[in-house]
Amino acid sequence: NRAKDGLTYGKNILSARATYDYTDRFSTYTLTGQKAGADAELAETFGGSISVSASATDEGVKRNRPMVISADNAATGATLKKRAQVEALFRAGSSQIVEVIVQGWRQSNGDLWKPNLVVSCKIPPLYVAQDLLIGEVSYLLNEVGTVCRMQLKRPDAFLFSKAKSKTKAQKKGGPLSETAPLHPN
């Protein structure tokens, strides 16, 4: 769902800050697992199971920094591929967080600011001019009055349906997702 109001620095944002933490991002995510053997020969040769793996890359990480994850249960190449893509999307989207404080707990239509709303953000000092998703909301009552603190992330950190197939930008060697990074660097 979309928020009725946008967030604009100097209009309804009292303060804003951004955190860029790339420590949990990797260049390649490789998922490994096992699936049941298909016939008696495979069962005899491989002890009843065969190894499968799949990978996804994060084009935003330029240096070689691979991560290998073991699947928790039996898997196929397709399920491992999707999980690797979801891992890459989630980690990339979660590496850039914007925190804003706005006056009041409600939007102009009376609805509360709440998690999982996509909101248009324009915060020039932080180089942010895109749609972000509200991840966390805190309603505060302090000396300023009622204020709402929101933690915003790129929507692709939570929209796992984008992990089904590579976007056109990825196929051309572009960014990880259709959503641009929050900061130009």
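Residues numbered from 1 in each chain as written. Predicted model: local features only at pLDDT ≥ 70, side-chain atom pairs only at ≥ 80, totals over all residues. Heavy atoms only, no water.

Asker: Explain the overall build of the protein chain to me, please; I cannot follow it from the model alone.
Answerer: Summing up its helical and strand segments, the protein chain has 3 helices and 9 strands in all. Listing every helix and strand of the protein chain by position from the N terminus yields β-β-β-α-β-β-α-β-β-β-β-α. Expressed as a percentage of the 185 residues in the protein chain, the buried residues total 38%. By sequence separation, contacts in the protein chain at least 24 residues apart represent 71% of the contacts at least 6 residues apart. (Helix = DSSP H or I, 4+ residues; strand = E, 2+ residues; numbered from the N terminus. Buried < 20%, exposed > 50% of the residue type's maximum accessible area, 1.4 Å probe, protein only. Contact = heavy atoms within 4.5 Å.)

Asker: Would you take a moment to explain the side chain of Q107 for this structure?
Answerer: Counting through the fold element by element, Q107 comes out in the loop between strand 6 (96–103) and strand 7 (118–123). The exposure class assigned to Q107 is buried, which follows from its relative accessible area of 7%. Engagement of the side chain of Q107 in a polar contact is seen with the backbone nitrogen of K4, the distance being 2.6 Å. Once residues within four sequence positions are removed from consideration, Q107 is found in contact with A3, K4, D5, L112, W113 and L117. (Polar contact = N/O pair within 3.5 Å; in protein donor to acceptor, adjacent residues only side chain to side chain.)

Asker: Please clarify how the side chain of R91 should be interpreted in this entry.
Answerer: Relative to the helices and strands, R91 is located in helix 2 (residues 77–94). Not counting residues within four places of it along the chain, the set of residues in contact with R91 comprises D24, R25, F26, Y29 and M67.

Asker: What should I look at first to understand the nonpolar core in this one?
Answerer: Buried together is how nonpolar side chains tend to be arranged in soluble globular proteins. Counting residues in hydrophobic clusters, the biggest one holds 19 residues, and the most contacted among them are L7, W113, M150 and L152. Put simply, the parts of the chain that give this core at least two residues each are strand 6, strand 7, strand 8 (128–142) and strand 9 (145–153). At 4 residues, strand 8 tops the list of elements feeding residues into this core. Beyond its immediate chain neighbours, meaning those up to four positions away, L152 contacts L7, Q96, I97, V98, V100, V119, C121, L132, L133 and I134. (Core = buried A, V, L, I, M, F, W, Y, C linked by side-chain atoms within 4.5 Å.)

Asker: Just to check I follow, could you spell out the packing of aromatic side chains for this structure?
Answerer: Aromatic ring pairs are defined here through the distance separating the ring centres and the angle between the ring planes. Per the stated rule, a full pass over the model turns up 2 aromatic pairs. For the pair F26 and Y29, a centre-to-centre distance of 6.0 Å together with 85° between the ring planes defines the contact as edge-to-face. The class of F26 is buried, set by a relative accessible area of 12%. It is R25 that lies over the ring of Y22; its NZ or CZ is 5.0 Å from the centre. The ring of F26 has R65 lying over it, and the distance from NZ or CZ to the ring centre is 4.2 Å. (Phe/Tyr/Trp six-rings, centres within 6.5 Å; stacked < 30°, edge-to-face > 60°. Lys NZ or Arg CZ within 6 Å of the ring centre and 35° of its normal.)

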